[in-house]
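Letter by letter, the chains look like this.
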Amino acid sequence: MTSPRRLLLVNGPNLNLLGLREPDIYGTETLHDVEVLVTDTAAGAGYEVRALQSNHEGVLIDAIHDAREDCAGIVINPGGFTHTSVALRDALSAVALPVAEVHISDVTQREQFRHFSYVRDVAVIHVVGEGVAGYARATRLLLDVISGRADG
Ligand code: CA2
């Protein structure tokens, strides 16, 4: 079967507040801006995007499971669940799609508890600390992996 020409974009808890709070850390662009950026980036390669943000772990996990049916890869910023959720990691591992993990801020330069990611080693692409623009780079790199051009 040919791979579907669709990506799942997942944003985790509190990312609905992007652009509305803490602009010094997360910038002024909104979640809508992120979704448009990823959609436009993927469209350039002939892919569509299904975007989802939720503050609820089970909703995120269900969306990841559903991606198995009709997506070729997942771009995810798991938000705070990055540092806490074995269940989210298990879901990503179970669907066995290529995953790009994105963080807007440079988590490596913040509090110690943000240094560990449960998602890290189930993702093939990691983009950290590039602001919202990092989603576009992660999407391009993921599409390269999907099309067999690269690992990264
Ligand atoms: O840097 C990132 O993208 C994070 O994934 C964002 C998470 C944080 O828990 C991770 O350590 C790093 C938090 C998302 C909260 O988003 C907000 C956006 C605007 C205002 C307040 C929170």
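Residues numbered from 1 in each chain as written. Predicted model: local features only at pLDDT ≥ 70, side-chain atom pairs only at ≥ 80, totals over all residues. Heavy atoms only, no water.

Draft legend 1. Representation of the packing of aromatic side chains within the structure. Per the stated rule, a full pass over the model turns up 1 aromatic pair. Measuring from ring centre to ring centre gives 4.8 Å for Phe-116 and Tyr-118, while their planes differ by 90°; the resulting arrangement is edge-to-face. Residue class for Tyr-118 comes out partly exposed when judged on its relative accessible area of 26%. (Phe/Tyr/Trp six-rings, centres within 6.5 Å; stacked < 30°, edge-to-face > 60°. Buried < 20%, exposed > 50% of the residue type's maximum accessible area, 1.4 Å probe, protein only.)

Draft legend 2. Region of interest: the pattern of salt bridges. Scanning all chains against the criterion turns up 7 salt bridges. Taking the shortest distance from any N to any O, the salt bridge between Arg-50 and Asp-70 comes out at 2.9 Å. You can see Arg-50 sitting in strand β2 (residues 48-53) and its partner Asp-70 sitting in helix α3 (residues 57-70), a full 20 residues away along the chain. Note on Asp-70: relative accessible area 24%, which makes it partly exposed. Each of Arg-6, Glu-48, Arg-50 and Asp-70 takes part in one network of salt bridges that share partners. (Salt bridge = Lys/Arg side-chain N within 4 Å of Asp/Glu carboxyl O. Helix = DSSP H or I, 4+ residues; strand = E, 2+ residues; numbered from the N terminus.)

Draft legend 3. Examining the sheet that holds strand β4 (residues 99-103) more closely. Reading across from one edge, β2-β1-β3-β4-β5 is the order of the 5 strands in this open sheet, with parallel pairing throughout. Of all the strands in the sheet, just β2 and β5 (125-128) have a single pairing partner and so form its edges. In this sheet, neighbouring strand axes are inclined to one another by 15° on average, regardless of whether the strands run parallel or antiparallel. Direction of pairing for strand β1 (residues 6-11) relative to strand β3 (residues 73-77): parallel, over a ladder of 5 bridges. For Leu-8, the partnering residue across the bridge sits in β3 and is Ile-74. (Pairing = 2+ DSSP bridges. Axes fitted to C-alpha atoms, helices over the stretch in contact; angles between N-to-C directions.)

Draft legend 4. Up close: helix α5 (residues 133-146). Under the 1.5 Å per step criterion, the end-to-end length of α5 is 20 Å for 14 residues, consistent within 8% with the ideal 20 Å. What α5 keeps buried is the set Gly-134, Tyr-135, Ala-136, Ala-138, Thr-139, Leu-142, Leu-143, Val-145 and Ile-146. The first or second residue beyond α5 is Gly-148, which carries a positive phi of 80°. (Expected span 1.5 Å × (residues − 1).)

Draft legend 5. Structural detail: the pairing of β5. Residues Ile-125 and Val-127 of β5 are buried on one face, while the alternating residues His-126 and Val-128, pointing to the opposite face, are not. Of the strand pairs in this sheet, β4 and β5 are connected by 4 bridges, and their pairing is parallel. Each bridged residue has a counterpart across the sheet, and for Glu-101 the counterpart in β5 is His-126.

Draft legend 6. Highlighting the site of the ligand. Taken together, 17 residues lie near the ligand, and Asn-77, His-83, Ile-104, Ser-105 and Arg-114 sit nearest. One nitrogen or oxygen atom from the side chain of His-103 is found 2.9 Å from an oxygen atom belonging to the ligand. At 2.9 Å, a side-chain N or O of Arg-114 approaches an oxygen atom of the ligand. Against a free-state accessible area of 510 Å², the protein chains account for coverage of 94% of the ligand. Split into classes, the residues belonging to the shell around the ligand amount to 7 nonpolar, 7 polar and 3 charged. (Near = heavy atom within 4 Å. Polar contact = N/O pair within 3.5 Å; in protein donor to acceptor, adjacent residues only side chain to side chain. Areas by Shrake-Rupley, 256 points an atom, 1.4 Å probe, with all protein chains shown as cover. Nonpolar A, V, L, I, M, F, W, Y, C, P; charged D, E, K, R; others polar.)

Draft legend 7. How the structure looks around the side chain of Ser-105. Along the chain, Ser-105 falls in the loop between β4 and β5. Sequence-distant contacts of Ser-105, that is, excluding residues within four places in its chain, are made with Ile-25, Tyr-26, Arg-110, Val-128 and Gly-129. (Contact = heavy atoms within 4.5 Å.)

Draft legend 8. Just helix α4 (residues 86-95), in detail. Buried within α4 are the following residues: Leu-88, Ala-91, Leu-92 and Val-95. Looking straight down α4, one finds its buried side chains confined to an arc of 95°; they lie on one side. Its buried side turned inward, α4 meets α3, β3 and β4. For α4, the capping residue at the N-terminal end is Ser-85, with a side-chain oxygen 3.4 Å from the backbone nitrogen of Ala-87. Phi turns positive one or two residues past the end of α4, at Ala-96, with a value near 55°. (Arc of directions from axis to C-beta.)

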